[in-house]
Amino acid sequence: MKQPKLVVANWKMYLNVHEASLLANRLGKKVQSHRDVEVVLAPNYLCLQPLSREIDHHKFKLAAQDGYYIDEGAYTGAVSFNQLRELVNYAIIGHSERRRYFNESLDEVRDKVAAAVRNGITPILCVGETKEERTQKETKQVLHDQVVTALSNLTAEDAESLVLAYEPVWAIGANEPAKPDTIAAAVDWIRFQVRELYGKTTESSIRVLYGGSDEPEYVSGIMATPGVDGLLVGRASLNYERFSDIITGVHLAVLSEDKTVKA
Ligand code: PEP
């Protein structure tokens, strides 16, 4: 059976508990369930427990925005994947904001990916080059290093359910997303890395998302890009109407893809 597409709302460090509940409630009323689209909300840690009680779990799943790679111990301020496992199905790992502002290294991202998997949480591993790296023609090297290091402690079986998100840093919080041919080339390269590590079967079972200035008007173009299985959405996910339109757009993209295959 074909896996559903995936749409992830990254609420970043926005919204307090009350605001997050309100937004989840509005989304619950507005968003239609589609069997072909899985919707995941990633609020801050504080909101995970209340939201897990309030949301319709047939409609939404929850993700953490991060997690610590050691399961338990004297690590003041940290929250481990072991503590998150009862609350979330997914965890965003290696987001460029964590790599940049919290100095997360390739090795730390690798350990977080392994810790999430060990605790039954599916990693949404974010990879992507900065503007400077793109200008210096280092995109392929950067993506290679980020993917290969992050997955280096996983077996093929662990890797099968993985989600990767191509998030070019220069397209996050920008005026428009990367162009479909830029996304296609990067996603193809990311998939090639997974194929080289684990073979074709694993590569075809992972889902690769695109993230960076997704808005409803760009969804059909991005979703028509070969190898793209969904979207990681920042700003637009804080607005229930725009986010709901994005989800509908992804569903319509699946319907039109199915029609093209049948024709
Ligand atoms: C993000 O930071 O993951 C992201 C995609 O942000 P935005 O949609 O705001 O560009």
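Residues numbered from 1 in each chain as written. Predicted model: local features only at pLDDT ≥ 70, side-chain atom pairs only at ≥ 80, totals over all residues. Heavy atoms only, no water.

Draft legend 1. Quick look at the overall build of the chain. Secondary structure summary: the chain contains 12 helices and 8 strands in total. In terms of overall dimensions, the chain is globule-like: its C-alpha atoms have a radius of gyration of 17 Å, near the 18 Å expected for 263 residues. When the backbone C-alpha atoms are referred to their principal axes, the chain occupies close to 55 × 40 × 35 Å. Each of the 263 residues in the chain was classed as buried or not, and the buried ones make up 49%. (Helix = DSSP H or I, 4+ residues; strand = E, 2+ residues; numbered from the N terminus. Rg over C-alpha atoms; globule rule 2.2 N^0.38 Å. Buried < 20%, exposed > 50% of the residue type's maximum accessible area, 1.4 Å probe, protein only.)

Draft legend 2. Quick peek at the sheet that holds strand β6 (residues 163-166). As summarised here, the arrangement of the 8 strands in space is β1-β2-β3-β4-β5-β6-β7-β8, forming a closed barrel in which the pairing is parallel. Going across the sheet, the axis of each strand differs from the next one's by a mean of 25 degrees, ignoring polarity. In this sheet, β6 lies alongside strand β5 (residues 122-127) in parallel orientation, the contact comprising 4 bridges. Opposite Val127, over in β6, you have Tyr166 as the bridge partner. Its contacts with the sheet put helix α5 (residues 106-118) on β4 (90-93) and β5, and the angle it makes with β5 is roughly 160 degrees. Helix α12 (residues 240-262) rests against β1 (5-10), β2 (37-42) and β8 (230-233) of the sheet, and its axis sits at about 165 degrees to β1. (Pairing = 2+ DSSP bridges. Axes fitted to C-alpha atoms, helices over the stretch in contact; angles between N-to-C directions. Contact = heavy atoms within 4.5 Å.)

Draft legend 3. Spotlight on the nonpolar core. Trp11, Leu41, Leu151, Tyr210, Leu231 and Phe243 are the most contacted members of the largest nonpolar core, which totals 62 residues. Here this core gets 6 residues from one element, more than from any other, and that element is helix α9 (residues 180-198). When residues no more than four places from it in sequence are discounted, the contact partners of Trp11 are Ala20, Leu23, Ala24, Leu27, Leu41, Ala42, Pro43, Leu51, Gln65, Ser237 and Leu238. Counting 13 residues, the second-largest nonpolar core is a separate cluster that includes Val8, Ala63, Ile92 and Leu232. (Core = buried A, V, L, I, M, F, W, Y, C linked by side-chain atoms within 4.5 Å.)

Draft legend 4. Representation of helix α2 (residues 45-54) within the structure. Within α2 the residues assigned to the buried category are Cys47, Leu48, Pro50, Leu51 and Ser52. Tucked inside the fold, the buried residues of α2 contact α1 (17-30), β3 (60-64) and α3 (81-84). In this structure Asn44 caps α2, since a side-chain oxygen of it lies 2.9 Å from the backbone nitrogen of Leu46. (Polar contact = N/O pair within 3.5 Å; in protein donor to acceptor, adjacent residues only side chain to side chain.)

Draft legend 5. Here's a closer look at the packing of aromatic side chains. Taken as a whole and judged by the stated rule, the model has 4 aromatic pairs. Their ring planes at 50 degrees and their centres at 5.4 Å tell us that Tyr68 and Tyr75 sit as a pair that is tilted. Owing to a relative accessible area of 37%, Tyr75 belongs among the partly exposed residues under this scheme. For the ring pair Tyr166 and Tyr210, a centre distance of 6.4 Å and an interplane angle of 55 degrees mean the geometry is tilted. (Phe/Tyr/Trp six-rings, centres within 6.5 Å; stacked < 30°, edge-to-face > 60°.)

Draft legend 6. Representation of the site of the ligand within the structure. By nearness alone, 14 residues border the ligand, and Lys12, Glu167, Gly173, Ser213 and Gly234 come closest of all. Here Ser213 contributes a backbone N or O atom positioned 2.8 Å from an oxygen atom of the ligand. One of the backbone N or O atoms of Gly234 is found 2.9 Å from an oxygen atom in the ligand. Considered on its own, the ligand offers 290 Å² of accessible surface; in the complex 98% of this is hidden by protein. Residue classes in the shell around the ligand are distributed as 3 nonpolar, 7 polar and 4 charged. (Near = heavy atom within 4 Å. Areas by Shrake-Rupley, 256 points an atom, 1.4 Å probe, with all protein chains shown as cover. Nonpolar A, V, L, I, M, F, W, Y, C, P; charged D, E, K, R; others polar.)

Draft legend 7. Just the packing of α1 against α12, in detail. Packing of α1 against α12 brings their axes to within 10 Å, and their N-to-C directions diverge by 45 degrees. Our classification of the angle between α1 and α12 gives oblique. Regarding α1 and α12, the two cross each other, and that crossing is right-handed. Of α12, the residues touching α1 (which contributes Leu23, Arg26, Leu27 and Lys30) are Tyr240, Glu241, Phe243 and Ser244. Of the residues in the contact of α1 with α12, the class split is 4 nonpolar, 1 polar and 3 charged. (Parallel < 35°, antiparallel > 145°, perpendicular 65-115°, else oblique. Left-handed = near helix turned anticlockwise from the far one by under 90°.)

Draft legend 8. Just the packing of α1 against α2, in detail. In contact at an axis separation of 10 Å, α1 and α2 are set at 35 degrees when each is read in the N-to-C sense. Where α1 crosses over α2, the two elements pack in a sense that is right-handed. Each of Val17, Ala20, Ser21 and Ala24 in α1 lies in contact with α2, whose residues at this interface are Leu46, Cys47, Pro50, Leu51 and Glu54. Taken together, the residues of the contact of α1 with α2 sort by class into 7 nonpolar, 1 polar and 1 charged.

Draft legend 9. Examining the pattern of salt bridges more closely. On inspection of all chains with the given rule, the structure shows 20 salt bridges. One salt bridge in this structure joins Lys5 and Asp229, with 3.7 Å as the shortest N-O distance. Pair noted here: Lys5 is in strand β1 and Asp229 is in the loop between α11 (219-223) and β8, with a separation of 224 residues, a long-range link. Judged on exposure class, the residue Lys5 and its partner Asp229 are both buried. When the shortest N-O distance is used, the salt bridge between Arg242 and Glu215 registers 2.7 Å. Here Glu215 lies in the loop between β7 (207-211) and α11 and Arg242 lies in helix α12, a separation of 27 residues in the sequence. Relative accessible area serves as the criterion here: at 30%, Arg242 is assigned to the partly exposed category. (Salt bridge = Lys/Arg side-chain N within 4 Å of Asp/Glu carboxyl O.)

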